[in-house]
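Below are the chains, spelled out letter by letter.
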Amino acid sequence: MSSNPHASTIVAGSQTHYTRTAVGLHWLIAALIVVALVMGWTMTDMAVSPQKLKIYNWHKWVGITVLWLAALRILWRVTHRPPDMVTMPAWQRIAAHALHGVLYLLMLAQPISGWIYSNAAGFPIVYLRLIPLPNLVAKNPQLAETWQEIHETLGLVLVIVVVLHLLAALKHAFIDKDDTMRRILRWLP
Amino acid sequence: MKRATMKRAALLVLGCAALSLVLAEDAGIDLPHSKISATFKQESVPVEAPFKKFSGHIRYDASNPAGATASIDIETGSFDLGDPSYNAEIRKQAWFDSGSYPFASFRSTSAKAISPTRFEVTGSLYIKGRSLTVTVPVTIVAAGLSTAFDGTLPVSRKAFGIGDPSWNDVIEDQVNVRFHLVNASPSN
Ligand code: HEM
């Protein structure tokens, strides 16, 4: 692919980085996911208290923010061509695309599973105390148990996939010493 | 001798029949078909949870709505938030104090017709050792062979000392108690 003269023309042009919007969404969503994960793990082990309830609500709001930002990001991705990948073996390119696909799926599935769990447990979502979101399912304790497990398991899968993603990025930066990091960190020299 | 015994037996049967008639008329609330729940708001999120155990009587005669009476007892320890740790919390002293006050009750003192399907009941609401006079509009709904009485009673937690004040910025003061009470049909 990269030996294709047309491709190299594009790389030589403005297409060496993701757009500012794509870069902004990438890091904003990444930060919010870390916040949601940390809240998710700590709040479930807390004793009953007003603070526990508050953190549960903040967890849901951060998660719903991830959901709509991820939707926006996917919309941006399909309407804006990303820069071509740097030269690498085909298996690595395929693995990278697959990992990115799974990440997009999880960015949607993780918050949606939490939303369903919350509704099944009898808690509607009122986003930021302002916007009541529709109930995706009716209150149902058995369903709640199932979706609690799904939400918990997806959370673990998400962590594993994010760590793989991070390790791959670090490999490009420090072992391959290629331009992969610069595509998503525009302000790197 | 024999005749006297038979007479006594007959009286006993008659007495039992009369008693069972009274009991049937007074069958009380049909628990499996009735519902009492409380809806509270936490961080603007309305959460509804049921009281699993309650009992009582509603006497209502369409030809004399003003003569309607209601008497309800709710087991505070039967409030089910769907989570054991929250259920334990709500039974504590700061909340329902179910150990000292196992029941919350309503006793009507008067009733007033509003329309053929609506009437208003005034009475005393007893929760956690305090009593307050409340008036609640009740809607009459046909429920199979029987009659259902539906309504919502807003209750202030503060008025009855329910809840630790540290929760006040997370949980609103007003709680709406919703009821759907079905009289057991006398034929049962
Ligand atoms: C990026 C988005 C999200 C991430 C990464 C995330 C992650 C997590 C994690 C790791 C847990 C702990 C699981 C456990 O150990 O039981 C958790 C719990 C929970 N999450 Fe999320 N979550 C997200 C979005 C949401 C959303 C949008 C909602 C609801 C609208 C939600 C509702 C919940 C609830 C209610 C729990 C508590 C489960 C329990 O009580 O056991 N989450 N979340």
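Residues numbered from 1 in each chain as written. Chains lettered and ligands numbered in written order. Predicted model: local features only at pLDDT ≥ 70, side-chain atom pairs only at ≥ 80, totals over all residues. Heavy atoms only, no water.

Some points on the interface of chain A and chain B
Here's step 1: Facing the 14 residues of chain A at the interface are 16 residues of chain B.
Here's step 2: Taken together, both faces of the contact between chain A and chain B bury some 1500 Å²; the carbon and sulfur share is 59%.
Here's step 3: Seen at the junction of chain A and chain B, the total is two salt bridges.
Here's step 4: Among the ionic pairs, B:Asp169 bridges to A:Lys54, the shortest N-O distance being 3.0 Å.
Here's step 5: At the surface where chain A touches chain B, the tally comes to four residue pairs in polar contact (both at pLDDT 80 or more). (Contact = heavy atoms within 4.5 Å. Buried area = accessible area lost by both parts, 1.4 Å probe. Salt bridge = Lys/Arg side-chain N within 4 Å of Asp/Glu carboxyl O. Polar contact = N/O pair within 3.5 Å; in protein donor to acceptor, adjacent residues only side chain to side chain.)

Looking at the nonpolar core
Here's step 1: Core analysis: the largest hydrophobic core is formed by 46 residues, its most contacted members being B:Ile36, B:Ile72, B:Phe79, B:Phe119, B:Leu125 and B:Leu181.
Here's step 2: The residues contacting B:Ile36, other than those within four sequence positions of it, are B:Pro50, B:Phe51, B:Phe54, B:Ile72, B:Ile74, B:Val177, B:Arg178, B:Phe179 and B:Leu181.
Here's step 3: The next biggest cluster of nonpolar side chains, apart from the first, holds 17 residues, and it includes A:Ile29, A:Leu32, A:Ala70 and A:Leu103. (Core = buried A, V, L, I, M, F, W, Y, C linked by side-chain atoms within 4.5 Å. Buried < 20%, exposed > 50% of the residue type's maximum accessible area, 1.4 Å probe, protein only.)

Remarks on the coordination of the iron atom of the ligand
Residue and element names in this part refer to chain A.
Here's step 1: All of the protein donors around the iron atom of the ligand are His 59 (NE2) and His 151 (NE2); their distances to the metal are 2.0 Å.
Here's step 2: Taken together, the six donor atoms coordinating the iron atom of the ligand span angles of 86 to 180° at the metal, a pattern that classifies the geometry as octahedral. Here His 59, found in helix H3 (residues 50-79), pairs with His 151, found in helix H5 (residues 141-174); they are 92 residues apart in sequence, far enough to count as distant. Here the two residues His 59 and His 151 agree in accessibility, since each one is buried. (Donors = N, O, S within 2.8 Å, 3.2 Å for Na, K, Ca; no water. Tetrahedral: all angles 85-135°; square planar, octahedral: opposite > 155°, others 65-115°. Helix = DSSP H or I, 4+ residues; strand = E, 2+ residues; numbered from the N terminus.)

Section: the pattern of salt bridges
Should their charged atoms come close, side chains of opposite charge can pair.
Here's step 1: Summed over the entire model, instances satisfying the criterion amount to eleven salt bridges over all chains.
Here's step 2: Among the salt bridges present, the one from A:Arg81 reaches A:Asp84, with a minimum N-O distance of 3.1 Å.
Here's step 3: The partly exposed category is assigned to A:Arg81, whose relative accessible area is 49%.
Here's step 4: According to the relative accessible area criterion, A:Asp84 is partly exposed, its value standing at 24%.
Here's step 5: Across the pair B:Glu43 and A:Arg129 runs a salt bridge whose closest N-O atoms are separated by 2.9 Å. In this pair, B:Glu43 sits in the loop between strand E1 (35-42) and strand E2 (45-51) while A:Arg129 sits in the loop between strand E1 (126-127) and strand E2 (131-132), so the two residues belong to two different chains.

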